[in-house]
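Summary of the model geometry
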Amino acid sequence: MCVQVTEEFLEFSVAKGNDLVTPRPDLRFRGLKPGDRWCLHVLRWIEAWEAGRAPRVVLEATHENVLKYVPLTALKRHSLDLN
């Protein structure tokens, strides 16, 4: 799913062992900052959502298969392009 990361989500992700902030030039990864868009696995989004730290979702860039895991109402509440 396509998301726009927030400071809260990035902190959550680091705490869960997935550091998306630190640049990794060897992997051509510049590190993310709040406001960046990122392709996020739906299960990580659900984990953040359950913890109250889910990033905003760009629905028009998110595959419909996400609906197999996340209720549409939750996606709409966290939607970047509907609000």
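Parameters and conventions
Here the residue index of a chain counts from 1 through its sequence in written order. Since the coordinates come from a predicted model, pLDDT governs what is reported: local features require at least 70, and pairs of side-chain atoms require 80 or more to be given and counted, while whole-chain, interface and lining totals use all residues. Computation of side-chain values covers all heavy atoms of the structure but excludes hydrogens and water. By definition, two strands form a pair when at least two bridges between them are found by DSSP. Under the DSSP-based scheme used, a helix requires at least four consecutive residues in state H or I and a strand at least two consecutive residues in state E, with every element numbered from the N terminus. Working definition: a ring pair exists when centres of Phe, Tyr or Trp rings (six-membered ring for Trp) sit within 6.5 Å. Plane angles under 30 degrees give stacked, over 60 give edge-to-face, the rest tilted. When a residue's accessible area, from a 1.4 Å probe over protein chains only, is under 20% of the maximum for its type it is buried; when over 50% it is exposed; and in between it is partly exposed.

Right, let's get into the sheet that holds strand β3 (residues 56-57). Two orientations exist for strands paired in a sheet by backbone hydrogen bonds: parallel and antiparallel. Spatial ordering of the open sheet is given by β2-β1-β3, a layout of 3 strands whose pairing is antiparallel. For this open sheet the edge positions go to β2 (37-39) and β3, each flanked by a neighbour on one side alone. As defined by bridge partners, strand β1 (residues 2-4) adjoins β2 across 3 bridges and the pair is classed as antiparallel. What sits directly across from C2, in β2, is C39.

Under the defined criterion, the tally for this structure stands at 2 aromatic pairs. Each ring, one from W45 and one from W49, has its centre 5.6 Å from the other, and the planes form 20°; the classification is stacked. Of this pair, W45 and W49 are both found in helix α2 (residues 42-50), 4 residues apart, which corresponds to roughly one turn of the helix. W45 sits in the buried class, given a relative accessible area of 0%.

None of this, on its own, says anything about what the molecule does.
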